[in-house]
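# Tertiary structure, described
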Amino acid sequence: MPDFNRRDALKMSAGFAAAAAGEFSCIELAKAGPIQVPVIDKLSVRVLVDSASDIFFKPAEVSGVKTEPGRSANSLLPLHSEWGLSLLLEPQRGDAKRSFLLDYGWTPAAINGNMELLKVDPSKVEALIMSHGHWDHLGGLIGFLDRHRKVLPAELTLYAGGEDNFCQRYVRGQGGDLADYGMLDRRDLAKRDVKVMLCETPVVIGEAAFTTGKIKRNSIEKVLPNTLVEFKLKDGAGCNWSHYLPAEMEGKIVPDEHIHEHATCFNLKDKGLIVISSCGHVGIVNSVRQAMEVSGVEKVHAIVGGFHLGPAPADYLTQVVAEISKLNPDVIIPMHCSGLNFTQEAQRQMPGKVLTTTTGTRITFGI
């Protein structure tokens, strides 16, 4: 049993009181030690939505990781690419197969249309995961639920990194004014019978995956400029800042530090960790180190997803790639916001370790 301090006990008491009153509450437990993560035999990752399409994409293989193109089932309708990311994760352990959906792209049209064109069966999805509170990762979620909720499990859980996933986000418009960048309203999830689990500490999902929990920031990495975030809760919409920030932050709109962004991970038999960072605002090195710490697994097999290094200055990018190289992964698979600059620098510093993907690509680990 982990130890609880007085602050944790007060949080828990307040959480139970709010729950009893019918309000939303998040209960943050004391820090736990490394979790016992499951070992899987195989993992398939299907890129449902990403920002690029390539009809000439060719199969490739690096260190036992295989990529294959995904084609539209309708020759007159192409797969829809947009800024954002959505991944179908299908781990296998013995004869047991699982299916999780990680992030949902920017629009319902993209994720719903591509699932149909790729002949992905939504009824097999057992759990939902949300990496962080950006609209290009959650914009398609409610539309996906509206289309497919009736075929999904009756008891469906969305695993979110933490309370700030529900904060209002903004971007700067052309004139410098704040422009709405979306907010996931938990009431919309409740209306669709979706339970939310806040994974501020590591959580095992479906006896196959695990989340990192809140990611420590102990590398050279920094959060590059992105959105602004508002710490406000009104009529059940927004985020309960008082759970994790001082009272004076109420109503403040500040640069987004993505306090509760988390990564989704797997422990592949005889290979090591597969760490999927959907956007990596908190740092991809930080994310991988956190996965290693909470799992107790030191070998890194693959680092996958968005690393948010597209806007990185050249000198900073060089340093970050050098730190990634020190982790000694077998393969790097950049997507979404990683940036062509990252792919080129990774190929320079880690030749023979980089695989690229496109919308529709299937990646197979454990072949």
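The structure this text deals with has already been given above.
Residues numbered from 1 in each chain as written. Predicted model: local features only at pLDDT ≥ 70, side-chain atom pairs only at ≥ 80, totals over all residues. Heavy atoms only, no water.

## Side note on the sheet that holds strand β18 (residues 253–255)
- Strand order in the open sheet made by the four strands is β11-β10-β15-β18, with antiparallel pairing throughout. Bordering the open sheet on either side are β11 (178–180) and β18, each of which pairs with just one other strand. Pairwise comparison of adjacent strand axes, ignoring direction, gives a mean angle of 40° for this sheet.
- The sheet contact formed by strand β10 (residues 168–172) and β11 spans three bridges and is antiparallel. (Pairing = 2+ DSSP bridges. Helix = DSSP H or I, 4+ residues; strand = E, 2+ residues; numbered from the N terminus. Axes fitted to C-alpha atoms, helices over the stretch in contact; angles between N-to-C directions.)

## Examining the packing of aromatic side chains
- This model, assessed by the stated rule, comprises four aromatic pairs.
- Summarising the aromatic geometry, the rings of F231 and Y244 are spaced 6.3 Å apart at their centres and angled 80° between planes, so their arrangement reads as edge-to-face. Remark: Y244 occurs in the loop between β17 (237–238) and β18 and F231 occurs in the loop between β15 (228–230) and β16 (233–234); sequence separation between them is 13 residues.
- Among the residues examined, Y244 registers a relative accessible area of 13% and is labelled buried.
- Relative to F342, the ring of F307 has its centre 5.1 Å away and its plane inclined at 80°; by these criteria the two rings are edge-to-face. Of this pair, F307 sits in the loop between β21 (300–306) and α7 (314–326) while F342 sits in helix α8 (residues 340–349), and the two are 35 residues apart along the sequence.
- With a relative accessible area of 2%, F307 lands in the buried category.
- A cation over a ring is seen here: R186 above F166, with NZ or CZ 4.4 Å from the ring centre.
- Of note, K222 hangs over the ring of Y316, and the distance from its end group to the ring centre comes to 5.1 Å. (Phe/Tyr/Trp six-rings, centres within 6.5 Å; stacked < 30°, edge-to-face > 60°. Buried < 20%, exposed > 50% of the residue type's maximum accessible area, 1.4 Å probe, protein only. Lys NZ or Arg CZ within 6 Å of the ring centre and 35° of its normal.)

## What to know about the nonpolar core
- Core analysis: the largest hydrophobic core is formed by 31 residues, its most contacted members being L87, L89, F100, F266, I274, I333 and F365.
- L89 has contacts with S44, V45, R98, S99, F100, L102, I129, T264, F266 and I276, leaving out every residue within four places of it along the chain.
- If you look at the next biggest cluster of nonpolar residues, it comprises 30 residues, including C265, V275, I332 and M350. (Core = buried A, V, L, I, M, F, W, Y, C linked by side-chain atoms within 4.5 Å. Contact = heavy atoms within 4.5 Å.)

## Considering the side chain of H132
- With respect to the element layout, H132 can be found in the loop between β8 (127–130) and α3 (135–138).
- Here S131 takes part through its side chain, which lies 2.8 Å from a polar atom of the side chain of H132.
- Residues in contact with H132, not counting those within four places in the same chain, are H137, L138, N165, H258, E261, C279 and H281. (Polar contact = N/O pair within 3.5 Å; in protein donor to acceptor, adjacent residues only side chain to side chain.)

## Topic: the packing of helix α6 (residues 284–295) against α7
- Contact geometry of α6 with α7 gives a least axis separation of 9 Å together with a crossing angle of 20°. Regarding the angle of α6 to α7, the classification is roughly parallel. For the element pair α6 and α7, the recorded crossing hand is left-handed. Residue-level contacts link I284, V285 and R289 of α6 to V320, E323 and I324 of α7. (Parallel < 35°, antiparallel > 145°, perpendicular 65-115°, else oblique. Left-handed = near helix turned anticlockwise from the far one by under 90°.)

## A look at the state of the cysteines
- One pass over the full model with this rule turns up one disulfide.
- Across the disulfide, C167 is cross-linked to C239 (sulfur-sulfur distance 2.0 Å). Taking the torsion about the sulfur-sulfur bond, which here is approximately 95°, the covalent link between C167 and C239 counts as right-handed. Of this pair, C167 sits in the loop between β9 (156–160) and β10 while C239 is found in the loop between β17 and β18, placing the two residues 72 residues apart along the sequence. An identical accessibility class is assigned to C167 and C239; each is buried.
- Not engaged in a disulfide, the cysteine C337 finds its nearest cysteine sulfur in C279; these two sulfurs lie 3.3 Å apart.
- Accessibility expressed as a relative area gives 5% for C337, which makes it buried. (Disulfide = S-S within 2.5 Å.)

## Re unusual backbone geometry
- Of note, the phi angle at S63 is positive, near 50°, even though the residue is not glycine.
- Locating S63 in the fold gives a position in the loop between β3 (60–62) and β4 (65–68).
- Overall, S63 belongs to the partly exposed group, its relative accessible area being 39%.
- Phi at D270 is positive, roughly 65°, even though this residue is not glycine.
- Here D270 is to be found in the loop between β19 (264–268) and β20 (272–277).

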